[in-house]
Amino acid sequence: MSYVLIRHIHDAERLIRNPTEAALLFHEYEFIRHNWNVYSARGYSSTMPLFYFNFEEIPYRALDVDHGDVVKFMKYVIDRMELCTECIVISLIYIEKLMATSKIEIRNINWKPLIFTAILLASKFWEDINFWNVDYVEGLDLYPLKAINRMESEFISLCDYNIYVSAQKYITYQTQIQ
């Protein structure tokens, strides 16, 4: 599955010069916790101490993704949440459905939120015991709860609220991946 996703990412980066508005909806910068550098200086006046704080946001940089990055990320999510392997196939179906219905491309700037949300929805579709979104916050510590809720809502909306996967479609994808 990771090879299919890498092919989609590289094709989008090569063929589409600027990200579409739909692709920017899932820009990773919109969902991650931002990192800051804090600088402080101390001094004393004649009567009381003086403190000066300067906050500087660490800039976000989208890095080129390779096969190992996708495998490592998916393995992290699947292993930490103890999900079954069928969720991998269903998440690929969801991503390709999203690409077809909403004309969104998977790129270096949005691959993690898209894959994460696809796995989250696949687990809710397939697993007998569903996790709440807060369980993903506590188990993975990737995104805050509000971000996960927003990703899930946007993803389902862009799929026209249709996340049903037929047995035939599942078998077709599974045989193509193997």
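Calculation rules
Residues numbered from 1 in each chain as written. Predicted model: local features only at pLDDT ≥ 70, side-chain atom pairs only at ≥ 80, totals over all residues. Heavy atoms only, no water. Salt bridge = Lys/Arg side-chain N within 4 Å of Asp/Glu carboxyl O. Helix = DSSP H or I, 4+ residues; strand = E, 2+ residues; numbered from the N terminus. Buried < 20%, exposed > 50% of the residue type's maximum accessible area, 1.4 Å probe, protein only.

1. Quick look at the pattern of salt bridges
A complete count under the given rule lists six salt bridges for this structure. Here Asp-141 and Arg-33 are joined by a salt bridge, their closest N and O atoms 3.1 Å apart. Of the two residues, Asp-141 is situated in the loop between α6 (133-140) and α7 (145-158) and Arg-33 in the loop between α2 (21-25) and β1 (36-44); the sequence distance between them amounts to 108 residues. Looking at Asp-141, the relative accessible area reads 52%, which means it is exposed. Relative accessible area serves as the criterion here: at 39%, Arg-33 is assigned to the partly exposed category. Notably, a salt bridge pairs Arg-107 with Glu-105, separated by 3.3 Å at the nearest N-O pair. The residues Arg-107 and Glu-105 share a single accessibility class, namely buried. Three or more residues joined by partner-sharing salt bridges are found here, namely Glu-13, Glu-105 and Arg-107.

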